[in-house]
Amino acid sequence: MSPQILITDDDNDILSALSLLLKSEGYSVNTANSPEQAIEKFRAHNFDLIILDLNYARDTTSGEEGIQLIAALRQLDETIPIVVMTGWGTIEVAVSTMKNGANDFIQKPWENDRLLAIIANQLKLAKSHRQFAKLSQENQLLQAEFYSHNVIAESSAMQQIIGTLKHLAQSDVSVLLTGENGTGKSLFARLIHDNSPRSKHSMVSVNMGAVTESLFESEMFGHVKGAFTDAKTTRIGRFELADEGTLFLDEIANTPISQQAKLLRVLEDRQFEKVGSSKTQHVDIRLIAATNADLQQAVNAGQFRKDLLYRVNTMTIEIPPLRQRSADILPLANNFLTQIANKHNKPQLTIALDARQALQNYAWPGNVRELGHVMERASILCQTNEIGRNDLRLDIEGEFTATPTAKLASVSQQPQDTSADLRSLNEIEKDIIINRLDYYKGNAIEAAKSLGVSRSAFYRKLDKIKSET
Ligand SMILES: Nc1ncnc2c1ncn2[C@@H]1O[C@H](COP(=O)(O)OP(=O)(O)OP(=O)(O)O)[C@@H](O)[C@H]1O
């Protein structure tokens, strides 16, 4: 889109001549013949630059009206380039306007080349200021977010999902990632973005559960200076930051119900207004959302708008819990150890056999995130270069026995006294299978799922146990 320029002057001949010149250079031009009209037009449209005369009907030399107009425009927008036009003999006034908000000035009668050069320079400067503001806000977001690009997916379930995500990444379709906490939804949102045609632009994440209701609009859509008491400067919202890139709405089920209609509108029309402004802005974003909640249930309970659900769930991908893909556990654990070793500049620790078994058998209610924490803690506790089962502390800490899934973990790790555990691998496997069946009250399908093995493999193991007893 060509840059939009507003020219303000009370002399219609000047408006026509300037319009002609700027249009011939490819700019879009709008004109106003009084300060009042300029403000009115400025409120209604998005301009990239303003050229304004300092003197209007009241008098012809003081520049007072022009100075007031600049002040009023600066109240509405701190950054738009303002170029002042001034007649002969009023240069001093023009210079003083630059101390009060104007960016440059040109003397009438103007030289076309000089005026065009000033306009081009000011537009370029404003663009780089915008980019800088955007980048510094993005940096703040990135600092708060640590993610690893190294995606581990050894299990066939995850390999299939990653294939699907990479395929979906090529389209602009909205994706909803579901799954328990810590299964990697944020990481997979990043994977979609990185593999999409938008990867050169930003992925902006918002944790919808962390945005307070009162600041929701300002956070998402931004605000203009003075929109409310604390709005000391203009703020760019997350939608604008994500323009041309991807917007990742994490924990979308936690969007306050009072804000869901506003979110729906911008997702439907890709249009919004900053708080305190009536100007409509357009954004071009790709939407990815994530939740660990059952959104359909939330809709039934009146906590989530049905139309918003349909807007976000064009494609739903469920990320399975870690306990259903045990082939990923050890590769993930080793990946965490590599990261820890790199971070502390130390040799990488290995994992002893008993620890590997414990990792495989634990139910991981906190999924991959919990595995990361366990490996971090084990690295600290470990006194050799090999992590042992005791270093994992999986069956010792109260936090792991508080949930039903954690109970499952502890039953599967018998006996607790590792020093006396001299059973064969077959016997350990047999104990685990029996315990797991007990836990799931005889439901072999659930038991097989929780161990990350296929139903038929589980039945084969059961048959073997039966034949041995
Ligand atoms: N397949 C994977 N490969 C490598 N690291 C992973 C994988 N899955 C998850 N992680 C890591 O586990 C941690 C938790 O993942 P992430 O934050 O993406 O989970 P989440 O599902 O978004 O969690 P929540 O629902 O709590 O927001 C992160 O450090 C992430 O990098």
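In this text the structure is predicted, and so the values were computed from the model without any measurement.

Close contacts around the ligand come from 17 residues, with I152, G182, K185, S186 and R369 the closest. Within the contact set of the ligand, a nitrogen atom lies 2.8 Å away from a backbone nitrogen or oxygen of I152. L187 places a main-chain nitrogen or oxygen 3.0 Å from an oxygen atom of the ligand. Summarising the interface, the protein chains cover 89% of the accessible area of the ligand, which totals 630 Å² for the free molecule. Going through the elements one at a time, α7 (185-194) and α15 (367-381) are the ones with two or more residues in the shell around the ligand. For the shell around the ligand, the element with the most residues is α7, which contributes four residues.

This paragraph deals with the confidence of the model for the protein chain. Per-residue confidence for the protein chain gives a mean pLDDT of 86, with 88% of residues at or over 70. Every residue in residues 396-419 is under pLDDT 50, and counting partners more than four places away or in other chains gives 47 contacts.

Below, the discussion takes up the UniProt feature "modified residue: 4-aspartylphosphate" (unreviewed entry) in the protein chain. UniProt's entry tags D53 with the feature "modified residue: 4-aspartylphosphate" (unreviewed entry), counted in the numbering of this structure. Within the secondary structure, D53 is located in strand β3 (residues 49-53). If sequence neighbours within four positions are ignored, D53 has contacts with T8, D9, D10, G66, M85 and K108.

Right, let's get into the packing of helix α13 (residues 329-344) against helix α14 (residues 353-361). Their axes nearest at 9 Å, the elements α13 and α14 cross at an angle of 115 degrees. As for the relative orientation of α13 and α14, their crossing is right-handed in sense. When α13 is examined against α14, the residues I329, L330 and A333 are found in contact with a partner set consisting of R356, L359 and Q360. Across the contact of α13 with α14, the residue classes break down as four nonpolar, one polar and one charged.

Time to look at the layout of surface pockets. Of the voids in this model, the largest pocket is the one considered here, and its volume is about 2,000 Å³. In terms of lining residues, the largest pocket is bounded by 49 residues, among which F47, D48, R130, E240 and Q281 are the most central. Contributions of two or more residues to the lining of the largest pocket are made by α2 (35-44), α5 (112-143) and β12 (280-282). Looking at which element gives the most residues to the lining of the largest pocket, the answer is α5, with 15 residues. Among the residues forming the lining of the largest pocket, the class breakdown is 16 nonpolar, 18 polar and 15 charged. For the lining of the largest pocket, the two domains that each supply at least three residues are domain 1 (4-131) and domain 2 (145-320).

Thresholds applied
Residues numbered from 1 in each chain as written. Predicted model: local features only at pLDDT ≥ 70, side-chain atom pairs only at ≥ 80, totals over all residues. Heavy atoms only, no water. Near = heavy atom within 4 Å. Polar contact = N/O pair within 3.5 Å; in protein donor to acceptor, adjacent residues only side chain to side chain. Areas by Shrake-Rupley, 256 points an atom, 1.4 Å probe, with all protein chains shown as cover. Helix = DSSP H or I, 4+ residues; strand = E, 2+ residues; numbered from the N terminus. pLDDT = per-residue confidence, 0-100. Contact = heavy atoms within 4.5 Å. UniProt positions renumbered as here; feature names shortened; annotations may be inferred. Axes fitted to C-alpha atoms, helices over the stretch in contact; angles between N-to-C directions. Left-handed = near helix turned anticlockwise from the far one by under 90°. Nonpolar A, V, L, I, M, F, W, Y, C, P; charged D, E, K, R; others polar. 1 Å grid on protein atoms, 1.4 Å probe; cavity = no way out; pocket = protein on both sides within 12 Å on 5 of 7 lines; lining within 4 Å. Points joined across faces, edges and corners; volume = space filled by probe spheres on them. Domains from an automatic or database assignment.

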